[in-house]
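The residues making up each chain are set out below.
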Amino acid sequence: MQTDNHAKRILLGISGGIAAYKAPMLVRNLRKMGADVVPVLTQNATRFVTETALQAVADNRPRTDLWDADAEAAMGHIELARWADALIIAPATANVIARLANGIADDLLTTLYLATTAPVFVAPAMNVKMWEHAATGRNLERLRDDGVTVLGPADGAQACGEFGPGRMIEPDEIAEKVTAAIGTPRVLDGTRVLITAGPTREFLDPVRFISNRSSGRQGFALAEAAHNAGAQVTLVAGPVHLPTPTGIERIDVVSAKQMKDAVTCRAPHADIFVSVAAVADYRPHTVHGQKLKKSQQRSTDFRVALKENEDIVGSIAGVKPRPFVVGFAAETESPLEHAREKRRRKCMDAIVVNDVSDPAIGFDSSDNAVTLIHAGGEVGLPKMRKGAIARRLVDEIAALYASAGRG
Ligand code: PMT
């Protein structure tokens, strides 16, 4: 399900000028404002800025080629053009401006320009003489007539050693002008979201514990996406090696018991609870105060008695007032059937299932592929970066929360 209220989706076209080195900064500025950004580079742009740098900051795979079969299979260029709420071209070289003005669609970026109905913004960047040339002036006039907003350029010293108009305006200024024009994305404005992430550790003695491979990445990405969508986010984190996303309150815990205590006292004050953590189902019956010695183990078949941990997400169903509850399910067989059953048994409003038998997704990987299951249907999200999954999930959860009359 999608609403009009989704995070703003921006295609960032980057053409081949020296100012392209500022594109990762522009992606960051747009993401801070809550936007989902797909970078689109011309072939010349790839000489100035790497796809790797852009992918790292955008959390979406950059697109460069109209003929990339893999990328087209994931989202064809016409679909991409429809997906966008805005197309920004920054830097826009004299050459790209000329092609846009004349309707020449000879690469992915210029094709997207013709195919999108979203508002278009260009931030010119070129040598002062090229900027002052009559042809550039004519082309820009034509773009303005076609409804394109021209941002800048700024005056100043240029990379080529000349001085005057032609510098691209700064990334923060571009981001502010575009988001002011299209409206900022705040699907979770005014909501309080509580999220758990990472594993728990259940100690047997001071140095040994039971745990699992959760890195915390999916939960942290969700916390960041919820914050960017306007929520006030509290993140209860198991032992992970991840920095705290900006603007988020983080509570560090170690064991399932500590995680339960941290969640139980906060859940009544949350509007939405998302349980991403891989909480250990069992803990050792006895926690030894000193490190167990090999000599203390009477046989080679050393056995540890285990006790069941309380189910955190299940217990929140009984909290009053009860938040909107979204669980996760890590499954290795028949994922959908098991997740549907888990959602009912644990009284969750929705559950997000990932097939953790696939080593390329789920535990401790950069990507995930999930299905969100709720009372009214199921939404599959194909393999993508965990950040991109998180932003899509935030849109879906916000829509479900609103349609449940809670938003
Ligand atoms: O951390 P990453 O490396 O990024 O990996 C992400 C992930 C694979 C951990 C994540 O996507 C995921 O699947 N999280 C849920 C893991 C899990 O414990 O699933 P489960 O099917 O065992 O539990 C179902 C639900 O009950 C979960 O919401 C879990 O948080 C919750 N639970 C489980 C046990 C317990 N004692 N209390 C709980 O609240």
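Structure report, in brief. (Residues numbered from 1 in each chain as written. Predicted model: local features only at pLDDT ≥ 70, side-chain atom pairs only at ≥ 80, totals over all residues. Heavy atoms only, no water.)

Of regular secondary structure, the chain possesses 14 helices and 19 strands. Principal-axis analysis of the C-alpha atoms places the extent of the chain at approximately 90 × 50 × 35 Å. Long-range pairs, those at least 24 residues apart, make up 67% of the contacts in the chain between residues at least 6 apart in sequence. Per element, the accessible surface of the chain, about 18900 Å² overall, is 50% carbon and sulfur. Here the chain carries 48 positive and 47 negative side-chain charges, and the mean point of each set is 7 Å from the other. (Helix = DSSP H or I, 4+ residues; strand = E, 2+ residues; numbered from the N terminus. Contact = heavy atoms within 4.5 Å. Areas by Shrake-Rupley, 256 points an atom, 1.4 Å probe, with all protein chains shown as cover. Lys, Arg positive; Asp, Glu negative; His and termini not counted. Charge placed at Lys NZ, Arg CZ, Asp CG, Glu CD.)

Before going further, it helps to examine the nonpolar core. If you look at the biggest cluster of nonpolar residues, it comprises 40 residues, and the most contacted ones within it are Leu188, Ile195, Leu222, Val274 and Leu393. For this core, the element with the most residues is helix H14 (residues 386-403), which contributes 9 residues. When neighbours within four sequence positions are excluded, Leu393 is seen to be in contact with Leu222, Phe328, Val352, Val370, Leu372 and Leu381. Counting residues in each nonpolar core, the second largest holds 30 residues, with Val37, Val49, Ala90 and Phe121 among its members. (Core = buried A, V, L, I, M, F, W, Y, C linked by side-chain atoms within 4.5 Å. Buried < 20%, exposed > 50% of the residue type's maximum accessible area, 1.4 Å probe, protein only.)

Direction of pairing for strand S18 (residues 367-374) relative to strand S19 (residues 377-385): antiparallel, over a ladder of 7 bridges. When the sheet's bridge partners are listed, Thr371 is paired in S19 with Gly380. In sequence, S18 turns back onto S19 through a hairpin of 2 residues. (Pairing = 2+ DSSP bridges.)

Let's shift gears to the pattern of salt bridges. According to the stated counting rule, one finds 24 salt bridges in the structure shown. We note a salt bridge from Lys22 to Glu170, for which the minimum N-O separation is 3.1 Å. In this pair, Lys22 sits in the loop between strand S1 (9-14) and helix H1 (23-32) while Glu170 sits in the loop between strand S7 (163-167) and helix H9 (171-182), placing the two residues 148 residues apart along the sequence. The class for Lys22 is buried, based on a relative accessible area of 14%. With its nearest N and O atoms 3.2 Å apart, the salt bridge here joins Glu141 to Arg144. Here Glu141 pairs with Arg144, and both are found in helix H8 (residues 134-145), just 3 residues apart, close to one helical turn. Beyond isolated ion pairs, a larger network of salt bridges with shared partners links Lys22, Arg167 and Glu170. (Salt bridge = Lys/Arg side-chain N within 4 Å of Asp/Glu carboxyl O.)

Among the surface-exposed residues, Ile210, Tyr282, Phe302, Val304 and Leu306 lie close enough to one another that they form a single nonpolar patch of about 420 Å² accessible area. Here Ile210 is to be found in strand S10 (residues 209-210). (Patch = residues over 30% accessible without salt bridge, like charges linked within 9 Å, V, L, I, M, F, W, Y side chains within 5 Å.)

Every one of the 27 residues lining the ligand counts as a neighbour, but Ser214, Ser215, Ala277, Lys342 and Asn354 are closest to it. The backbone of Ala277 places a nitrogen or oxygen atom 2.6 Å from an oxygen atom of the ligand. Here Glu310 contributes a backbone N or O atom positioned 3.1 Å from a nitrogen atom of the ligand. At the level of secondary structure, the elements contributing two or more residues to the shell around the ligand comprise helix H10 (217-228), helix H12 (312-316) and strand S16 (324-331). For the shell around the ligand, the leading source of residues is S16, giving 4 residues. For the shell around the ligand, the per-class residue count stands at 10 nonpolar, 9 polar and 8 charged. (Near = heavy atom within 4 Å. Polar contact = N/O pair within 3.5 Å; in protein donor to acceptor, adjacent residues only side chain to side chain. Nonpolar A, V, L, I, M, F, W, Y, C, P; charged D, E, K, R; others polar.)

The next thing to look at is the packing of H1 against helix H2 (residues 51-58). Two elements in contact, H1 and H2, have axes separated by 9 Å at closest approach and are oriented at 10°. Looking at the two axes, H1 sits roughly parallel to H2. Between H1 and H2, the contacting residues are Ala23, Pro24, Val27, Arg28 and Arg31 on the first element and Ala53, Leu54, Val57 and Ala58 on the second. Its residues placed into classes, the contact of H1 with H2 shows 7 nonpolar, no polar and 2 charged. (Axes fitted to C-alpha atoms, helices over the stretch in contact; angles between N-to-C directions. Parallel < 35°, antiparallel > 145°, perpendicular 65-115°, else oblique.)

Under the definition given, this model contains 2 aromatic pairs. Both rings, one in Phe324 and one in Tyr401, keep their centres 5.9 Å apart while their planes meet at 80°; by these two values the pair is edge-to-face. Taken together, the positions of Phe324 in strand S16 and Tyr401 in helix H14 put the pair 77 residues apart, joining distant regions of the chain. You can call Phe324 buried: its relative accessible area is 4%. The class for Tyr401 is buried, based on a relative accessible area of 5%. (Phe/Tyr/Trp six-rings, centres within 6.5 Å; stacked < 30°, edge-to-face > 60°.)

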